[in-house]
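Residue strings, one per chain:
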Amino acid sequence: MKYTNVPLAQSVVFHCKTKGIDQIVISPGSRNAPLTIGFTEDPFFRCFSIVDERCAAFFALGIAQQTQKPVALVCTSGSALLNYYPAIAEAFYSGIPLVVISADRPAHKIDIGDGQTIRQENVFGNHILFSANLKEDYPPAQGEGMDHPAPGVRRGNDALLNSAINTTFENRGPVHINVPMEEPLYYTTDHLAIHPEVVPYKVPGTEGFDDLEQCTEQWGSAPRKMVLVGVNMPGMVNQEVLELLARDNSVLVFTETTSNVHHNGFFPSIDSIIAPIEKSERHHTLFEELRPNVLLTFGGMVVSKKVKAFLRKYKPDIHWHVDPRKANDTFFSLTRHFRMDINSFLFPLLKRSVPIESSYKPRWEGVKETYVQKREKYLAESPFSDFVAFGMILSSIPGGYQLHLANSSTVRYTQLFEMDSSVPVFCNRGTSGIDGSTSTAIGASLYEKAPTVLLTGDLSFLYDSNALWNTYLRPDFRIILINNGGGGIFRILPGKEETENFRSFFETVQEFDLKKLSDFYGLEHTRVNDRESLQTALSRFYLQGETCRVLEVCTPRLINDKILLGYFDFIS
């Protein structure tokens, strides 16, 4: 097997291999040639080539999301590294492990006017778990052997590599390894010149209940308990735990599409509960009736702005968050962080608790039944729009498919409908950006046996169009593109005015022919603009084919917001 003849690059590759990091996403360059040689010449690694670094980082994030293992990114020096930043921030806030490996110029060539050179050390300082700024051990000249060790420098580099890679395993997030290397960069050797010291990572422990009796008393005596589930991987919560929660009339379980938690006794459309209260003259009384004594949260980010506004104003008496690593004080009321997984927390708590008599859940179940009936009536009577299209699309997705959502309008419309429990749902909610949804979905699709559907908007699709610039698109990958002619979410937000300034700089009206983009990448494209054509297209959209398909659903830009806001009026 061939190795790079740069010892420092050998060390980086060795540490990744020893720790089991076998998925490597590489963007082309010259300065990173020793790293590229090291990874691609070893059959242990599966290497991907993605030219656009921003797309590459989100592609890697999608792989890490699915495998739940760190994925390495490799890039050249200079501005290439900065293009990773959006995905790194997403990984930081979503708890997704990424190992960012950047090639760099030697320290003495920084800020002297050398080409493709920036200050790379600690460049992600605010959104990284660990920065390892390695030191060049020595520059091998052409034809030289590899018998000039720098033991002190190499020991220091080994320590940094162990710390960086162990951190991403133990704390689940992005780390950065900056690797300075001098030319020549392309020479190889048939033996290793390094003998790194490898320190195994530790599997984080979780705390147990040191006051189970007190927690059981607080939980059991509360007549109004709310469980709010944020972003969650599918299958994370034990079914017996879900049944125990569902049987307790003093417990309301609010889930979101991205929660991947399902039960007929839960409340999956939070905004459909809260929006009618906001419109009521009795809103203060109704919100007080909804306000929980105990709020229990787990999972990641919460999508619903309405539930956040509600809980920040009508605060719970007690707020517990359960997560092995971190707790966000989203509602400014956090009283305790339990560093446990949710099953270890809820199972003993619910087994010991005796359900209290309460009308809390039955009272809001009546509201839920009403809005479900009214929603179906409203869908049947409404003209074709975003709202109607989402209702039709979400009910059409075959069981077992994987669904990826873009942000902004896409994820918020999806929240208004129930999902088939066999369809796992993913969305980049760490930073909630529109920038890498397609890239993430394509990366994730490679590690899911079932087909993947991406549901996206026109601006998000255009923004990440370079995601299609690779050879890794599965033929069963499906893209449903809602084209409402711009940033439709800005029409829903308060303060909208029908001015040229609004249309140009907020809504960002666009009239691009998106079929041309699909044709450019060799994708099968279908465009529809009414109920009948959408229904017909969906009936064959998921059938097997030889290439990825794009279904463009054109909706009326000027009435989408009116129909959505009218829905909340109707169910009120």
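Parameters at a glance
Here the residue numbers are simple positions, counted from 1 along each chain's written sequence. Per-residue local features of the predicted model are confined to residues with pLDDT of at least 70, and side-chain atom pairs are confined, for both listing and counting, to 80 or more; whole-chain, interface and lining totals are unaffected and use all residues. In computing side-chain values, all of the structure's heavy atoms are included and hydrogens and water are not. By the criteria applied, helices consist of DSSP H or I runs no shorter than four residues and strands consist of E runs no shorter than two, each listed in order from the N terminus. Within these notes, the globule rule equals 2.2 Å times the number of residues to the 0.38 power, and the radius of gyration is based on C-alpha atoms. Contact criterion: two residues are considered in contact whenever any of their non-hydrogen atoms come within 4.5 Å of each other. Accessibility throughout is a Shrake-Rupley quantity obtained with a 1.4 Å probe, and a residue counts as covered only by protein chains that appear here. The charge count treats Lys and Arg as positive and Asp and Glu as negative. His and the chain ends do not count. Every charge is mapped onto a representative atom, which is NZ of Lys, CZ of Arg, CG of Asp or CD of Glu. Here a polar contact is recorded for every N or O atom pair within 3.5 Å, except that within protein the pair must consist of a potential hydrogen donor and a potential acceptor, and residues adjacent in sequence are included only if both atoms are side-chain atoms. By definition, a salt bridge exists where a carboxyl oxygen of Asp or Glu is found within 4 Å of a side-chain nitrogen of Lys or Arg. Planes of paired rings set the category: under 30 degrees apart is stacked, over 60 is edge-to-face and the rest tilted, where pairs are Phe, Tyr or Trp rings (Trp by its six-membered ring) whose centres lie within 6.5 Å. Partly exposed describes any residue whose relative accessible area lies between the buried limit of under 20% and the exposed limit of over 50%, with all areas from a 1.4 Å probe on protein chains only and scaled to the type maximum. The predictor attaches a confidence to each residue, and that confidence, scored 0 to 100, is pLDDT. In short, DSSP must find at least two bridges between two strands for them to pair. Every axis in this analysis is a line fitted to C-alpha atoms, fitted for helices over the stretch in contact. Angles between the N-to-C directions lie between 0 and 180 degrees. When an angle is under 35 degrees it counts as roughly parallel; over 145 it counts as roughly antiparallel; between 65 and 115 it counts as roughly perpendicular; any other value is oblique. Note on convention: the crossing is left-handed when the near helix lies turned anticlockwise from the far helix by less than a right angle, right-handed when the turn is clockwise. Residues are grouped as follows: Ala, Val, Leu, Ile, Met, Phe, Trp, Tyr, Cys and Pro are nonpolar; Asp, Glu, Lys and Arg are charged; all remaining types, including Gly, are polar. Only a pair of cysteine sulfur atoms within 2.5 Å qualifies as a disulfide here.

Caption draft 1: Inspection of the overall build of the protein at higher detail. Along the backbone of the protein there are 22 helices and 19 strands. At 26 Å, the protein has a C-alpha radius of gyration in line with the 25 Å of a compact globule built from 572 residues. Counting only contacts in the protein whose residues sit at least 6 apart along the sequence, the fraction spanning at least 24 positions is 77%. With an accessible surface of roughly 23,500 Å², the protein has 52% of that area assigned to carbon and sulfur atoms. Treating the 55 positive side-chain charges of the protein as one cloud and the 65 negative ones as another, the clouds have centres 3 Å apart.

Caption draft 2: Highlighting the environment of T40. With respect to the element layout, T40 can be found in helix 2 (residues 33-40). Ignoring any residue separated from it by four or fewer positions in sequence, one finds T40 in contact with I26 and C47. Separated by 2.6 Å, the side chain of T40 and the backbone oxygen of T36 make a polar contact.

Caption draft 3: Examining the pattern of salt bridges more closely. For the structure on display, the rule yields 25 salt bridges. Close ionic contact of E376 with R375 constitutes a salt bridge, the shortest N to O distance being 3.4 Å. D513 is the salt-bridge partner of R527, the closest N and O atoms lying 2.7 Å from each other. In this pair, R527 is assigned in strand 18 (residues 524-528) and D513 in the loop between helix 19 (500-505) and helix 20 (514-520), connecting sequence segments 14 residues apart. Linked by salt bridges that have partners in common, D210, D211 and R336 make up one network.

Caption draft 4: Representation of the packing of aromatic side chains in the model. Under the counting rule described, the total for this entry stands at 26 aromatic pairs. For the pair F44 and F45, a centre-to-centre distance of 5.1 Å together with 85° between the ring planes defines the contact as edge-to-face. Residue F45 is classed as buried on the basis of its relative accessible area of 8%. The interplanar angle of 90° and the centroid separation of 5.0 Å between the aromatic rings of F92 and Y93 together place this pair among those described as edge-to-face. Relative accessible area serves as the criterion here: at 34%, Y93 is assigned to the partly exposed category.

Caption draft 5: Spatial organisation of the confidence of the model for the protein. For the protein, mean pLDDT is 92; residues scoring 70 or higher make up 95% of the total. Low pLDDT (under 50) marks residues 140-147, which in the prediction has 15 contacts with non-local residues, meaning those over four places away or in another chain.

Caption draft 6: Molecular detail of the side chain of N428. Looking at the element boundaries, N428 is found in the loop between strand 15 (425-427) and helix 16 (437-445). Side chain to side chain, N428 and T440 meet in a polar contact 3.0 Å long.

Caption draft 7: Region of the structure containing the pairing of strand 7 (residues 174-180). Within strand 7, 7 of the 7 residues are buried, leaving the element largely enclosed by the surrounding structure. A two-sided burial pattern is seen for strand 7, the buried positions comprising P174, H176, N178 and P180 on one face and V175, I177 and V179 on the other. When strand 6 (residues 130-133) meets strand 7, the two strands line up parallel, connected through 4 bridges. Directly across from S131, in strand 7, lies its bridge partner H176.

Caption draft 8: Fine view of the packing of helix 3 (residues 53-67) against helix 16. Their axes nearest at 7 Å, the elements helix 3 and helix 16 cross at an angle of 45°. The orientation of helix 3 with respect to helix 16, classified from their angle, is oblique. Of the two elements, helix 3 crosses helix 16, and the hand of that crossing is right-handed. Contacts between helix 3 and helix 16 involve C55, F58, F59, L61, G62, I63, Q65 and Q66 from the first element and S439, T440, I442, G443 and A444 from the second. When the residues that make up the contact of helix 3 with helix 16 are grouped by side-chain class, the tally is 7 nonpolar, 6 polar and no charged.

Caption draft 9: The arrangement of the sheet that holds strand 4 (residues 71-75) in detail. Read across the sheet, 6 strands follow the order 3-2-4-5-7-6 without closing on themselves; strand pairing throughout is parallel. Two strands close off the open sheet at either side, each with one partner strand: strand 3 (46-49) and strand 6. The average angle at which neighbouring strand axes cross in this sheet is 20°, direction not considered. Pairing geometry for strand 2 (residues 23-26) and strand 4, over 3 bridges, is parallel.

Caption draft 10: Here's a closer look at the state of the cysteines. This structure, assessed with the given rule, holds 0 disulfides. Its sulfur unpaired, C55 is 14 Å from the next cysteine sulfur, which belongs to C75. With no disulfide of its own, C554 has C548 as its nearest cysteine by sulfur position, at a separation of 17 Å.

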